[in-house]
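Each chain, written out:
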Amino acid sequence: MTTPSYQTREELRAFLRLCLNPGHGRDSRTVEALARLLQPWLLDDIAEYAPHLQQLRKEAETAQDAYLTALEAWITAETVDPTEEGEPR
């Protein structure tokens, strides 16, 4: 891990809250939109203060990779789901 850019957990959380709701006529973001924008250095800071979130992120990435692989296989008809046999087309 690197040394966090934010010296305390509260500094980091305050920054992330500001990212969610920047104010001054700017649109707020959803947590999902913010998560897509997080840079590696900021993810490192979050992992430093909340290691459980890093583990969840890794699990989510693994699940996303598995989903994309399965979706590609299904689209290209490389595999057939046995439940499809009885389903209407």
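Predicted model only: the values in this text are computed from it and were never measured.

Chemist: What's the story with unusual backbone geometry in this structure? I'm lost.
Modeler: One non-glycine residue with positive phi stands out, namely His-24, at about 50 degrees. Inspection of the secondary structure assignment puts His-24 in the loop between α1 (9-20) and α2 (31-37). According to the relative accessible area criterion, His-24 is exposed, its value standing at 82%.

Chemist: What exactly am I supposed to notice about the packing of helix α3 (residues 40-49) against helix α4 (residues 51-75) here?
Modeler: Where α3 meets α4, the axes come as close as 5 Å, and the angle between the chain directions of the two elements is 125 degrees. Considering their axes alone, α3 and α4 lie oblique with respect to each other. Residues Leu-43, Ile-46, Ala-47, Glu-48 and Tyr-49 of α3 form the contact with α4, whose own contacting residues are Pro-51, Leu-53, Gln-54 and Arg-57.

Chemist: It is not clear to me how the layout of surface pockets should be interpreted in this structure. Could you clarify?
Modeler: Gaps left between atoms show up when a probe the size of a water molecule is rolled over them. Roughly 630 Å³ of internal volume is contained in the largest pocket. Around the largest pocket sit 21 residues that line it, and Leu-16, Ala-35, Leu-38, Ile-46 and Leu-53 are the ones nearest its centre. Of all the secondary-structure elements, those providing two or more residues to the lining of the largest pocket are α1, α2, α3 and α4. By residue number, the principal contributor to the lining of the largest pocket is α1, which donates 6 residues. Taken together, the residues of the lining of the largest pocket sort by class into 13 nonpolar, 1 polar and 7 charged.

Chemist: I tried to follow the packing of α1 against α3 on my own but got confused; where do I start?
Modeler: When two helices pack together, their arrangement is given by the angle between their axes and by how far apart the axes lie. Relative to each other, α1 and α3 sit at 135 degrees, their axes nearing to 10 Å. Taken as axis vectors, α1 and α3 run oblique relative to one another. When you trace α1 past α3, the crossing you get is left-handed. Mapping the contact onto sequence places Arg-9, Leu-12, Phe-15 and Leu-16 in α1 and Leu-42, Asp-45, Ile-46 and Tyr-49 in α3. Class assignment for the residues of the contact of α1 with α3 results in 6 nonpolar, no polar and 2 charged.

Chemist: Help me understand α3, please; the structure alone is not making it clear to me.
Modeler: Each α-helix winds once per 3.6 residues, and so residues spaced three or four apart point in a common direction. Every buried residue belonging to α3 is among Leu-42, Leu-43, Asp-45, Ile-46, Ala-47 and Tyr-49, and all of these are buried. Buried positions along α3 lie against α1 and α4.

Chemist: How should I be thinking about the nonpolar core in this particular structure?
Modeler: Soluble, globular proteins show a tendency: their nonpolar side chains are buried together. By size, the foremost hydrophobic cluster in this structure holds 10 residues: Tyr-6, Leu-12, Leu-16, Cys-19, Leu-34, Leu-38, Leu-42, Leu-43, Ile-46 and Tyr-49. Of all the secondary-structure elements, those providing two or more residues to this core are α1 and α3. When residues in this core are grouped by element, the largest group, 4 residues, is from α3.

Rules used in this analysis
- Residues numbered from 1 in each chain as written.
- Predicted model: local features only at pLDDT ≥ 70, side-chain atom pairs only at ≥ 80, totals over all residues.
- Heavy atoms only, no water.
- Helix = DSSP H or I, 4+ residues; strand = E, 2+ residues; numbered from the N terminus.
- Buried < 20%, exposed > 50% of the residue type's maximum accessible area, 1.4 Å probe, protein only.
- Axes fitted to C-alpha atoms, helices over the stretch in contact; angles between N-to-C directions.
- Parallel < 35°, antiparallel > 145°, perpendicular 65-115°, else oblique.
- Contact = heavy atoms within 4.5 Å.
- 1 Å grid on protein atoms, 1.4 Å probe; cavity = no way out; pocket = protein on both sides within 12 Å on 5 of 7 lines; lining within 4 Å.
- Points joined across faces, edges and corners; volume = space filled by probe spheres on them.
- Nonpolar A, V, L, I, M, F, W, Y, C, P; charged D, E, K, R; others polar.
- Left-handed = near helix turned anticlockwise from the far one by under 90°.
- Core = buried A, V, L, I, M, F, W, Y, C linked by side-chain atoms within 4.5 Å.

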